[in-house]
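# Remarks on the overall topology
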Amino acid sequence: MNSEPRAVVLGEHCAMAQAQPNIALIKYWGKRDAALNLPVVGSISITLDALWTRTRVAFEPGLEQDRVSLNGRSDAAEAKRVSACLDLLRQRAGVNWRAAVDSRNNFPTAAGLASSASGFAALIHAGDSALRLNLSDAEKSVLARRCSGSAARSVFGGYVEWAHGKLADGTDSVASPLLEADAWPLRVAVAITSTAAKEVGSSEGMRRTAQTSPFQSAWIETQEADLATARAAILARDFAALAAISEYSCLKMHALALAAQPGLLYWNGASVECMRRVRALRGQGVPVFFTVDAGPQVKAICEPQAVEQVKAALRDIPGVLDVVETGLGAGARNLTEAEYTA
Ligand code: DP6
């Protein structure tokens, strides 16, 4: 390895990490504590493999403020969130060093593809190594959660459950793996129907929903049963059962948000057509189901043998700009300098 001289140039408090986005099958929507980012409900997700965030964190004792570059650009609002996340690591390490952060995604940021989940999971993972904190995966999940709720899940690979927890300090609101990706290697076709940033971000959407949607209490009351059904379906590799409970959770989350005032309408016409097409395919016996987050992209989850047919069907829909295929992947991990720059 010829990475030694580079490591010296970068300084000794530097590390690189990669994390992948995750897609919730049983949705997180609503916070019981906004400051600590504690959810009102538990959730279950799958971590992807083909999409990634790669992040380098270099703590430099001489630096006056954090320097943040995301996809080669600096954005004040994002930099503020990154600094708040670094503060959690600095607090744990008992240092006040500022850091240079360089992060890039191989997929569109803020287009409903969970860039904050992979972004903050990678940041916590790299920051932990750079400061030699040696945090456990559970501790990393707690810290990632405080930066963006869904990031708690991207610390782990495969099928992951994030518990809502009961403690006021949130130390039990942590994600944990349910099943390895290889144990049930489903495929995902993401239909991109818009590349614009979403109009109402998740945090604001959740706040508005909790304050105004008449369905909020029903959402909370019914979630435990959905989690139990999905957990059992995953452990039994029961595709039909997972399809039914996942579409139910997705549509229930959107019904909840649609009933806020003003209503949160995250779909466009193509999103609706994609959902209808997925249901029509399933009606013909194709093992596929959909889920949609706080944006207009539709994720079609299917058994591997169906993925070409699913992609072709989605590509055919007017308004679908692109279809990205991915499998399920691993959790956050460290990268060498060579892997980071590759
Ligand atoms: C619809 O994790 O982005 O994707 O905690 O406010 O950062 P914050 O929200 P975020 O919300 C994700 C919401 C969702 C459902 C899910 O991923 O479970």
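The structure we're discussing is the one just above.
These lines cover the structure that appears in this document, whether it is placed above or below.

Procedures and definitions
Residue numbering note: each chain is counted from 1, following its sequence as written. Owing to the predicted nature of the model, reporting of local features is limited to residues with pLDDT of at least 70; listing and counting of side-chain atom pairs is limited to 80 or more, with chain, interface and lining totals taken over all residues. Values reported for side chains reflect all heavy atoms of the structure, with hydrogen atoms and water molecules removed beforehand. In this description a helix means any DSSP run of H or I spanning at least four residues, a strand means any run of E spanning at least two, and both kinds are numbered starting from the N terminus. Think of a polar contact as two N or O atoms within 3.5 Å of one another; within protein, one of them needs to be a possible hydrogen donor and the other a possible acceptor, and neighboring residues in sequence only count if both atoms come from side chains. We call two residues in contact when some of their heavy atoms are within 4.5 Å. Fitted lines through C-alpha atoms give the axes, limited to the stretch in contact for helices. The angle between two N-to-C directions lies from 0 to 180 degrees. In this scheme, roughly parallel covers angles under 35 degrees and roughly antiparallel covers those over 145, while 65 to 115 is roughly perpendicular and the rest are oblique. Take the far helix as your reference; a near helix turned counterclockwise from it by less than a right angle gives a left-handed crossing, and one turned clockwise gives a right-handed crossing. Between any two strands, at least two bridges found by DSSP are needed for them to pair. For salt bridges, the criterion is a side-chain nitrogen of Lys or Arg within 4 Å of an Asp or Glu carboxyl oxygen. Burial classes follow relative accessibility: with a 1.4 Å probe on protein chains only, a residue under 20% of its type's maximum area counts as buried, one over 50% as exposed, and anything between as partly exposed.

### Here we look at the side chain of Ser 141
- Relative to the helices and strands, Ser 141 is located in helix α4 (residues 137-147).
- Looking at Ser 141, its side chain comes within polar contact range of the main-chain nitrogen of Ala 175, at 3.0 Å.
- Ser 141 has contacts with Ala 152, Val 155, Phe 156, Val 174 and Ala 175, leaving out every residue within four places of it along the chain.

### Notes on the packing of helix α8 (residues 239-258) against helix α9 (residues 269-283)
- Look at α8 against α9: their axes get within 13 Å of each other, and the N-to-C directions meet at 160°. If you check the angle between α8 and α9, you find them roughly antiparallel. Pair α8 / α9 crosses with left-handed handedness. Side by side, α8 and α9 meet where Ala 243, Glu 247 and Leu 251 of the first sit next to Met 275, Val 278, Arg 279 and Arg 282 of the second.

### Quick word on the sheet that holds strand β9 (residues 159-162)
- Taken together, 4 strands build an open sheet; the order of strands is β2-β5-β9-β10 and the sheet is antiparallel. Across the chains shown, the open sheet's two edge strands, defined by having one partner strand only, are β2 (22-26) and β10 (175-179). With strand direction ignored, the average angle separating the axes of adjacent strands in the sheet is 35°.
- Pairing analysis gives 4 bridges linking β2 to strand β5 (residues 43-47), with the strands arranged antiparallel. Bridge pairing links Ile 26 to Ile 44 in β5.

### Concerning the pattern of salt bridges
- According to the stated counting rule, one finds 19 salt bridges in the structure shown.
- Linking Glu 204 and Arg 208 is a salt bridge whose minimum nitrogen-to-oxygen distance equals 3.8 Å. Here Glu 204 and its partner Arg 208 are both found in helix α6 (residues 202-212), 4 residues apart, which amounts to about one turn of the helix.
- Classification of Glu 204 as partly exposed rests on a relative accessible area of 32%.
- Assessed through its relative accessible area of 18%, Arg 208 is described here as buried.
- Via salt bridges that share partners, Arg 187, Glu 308, Lys 311 and Glu 325 belong to a single interconnected network.

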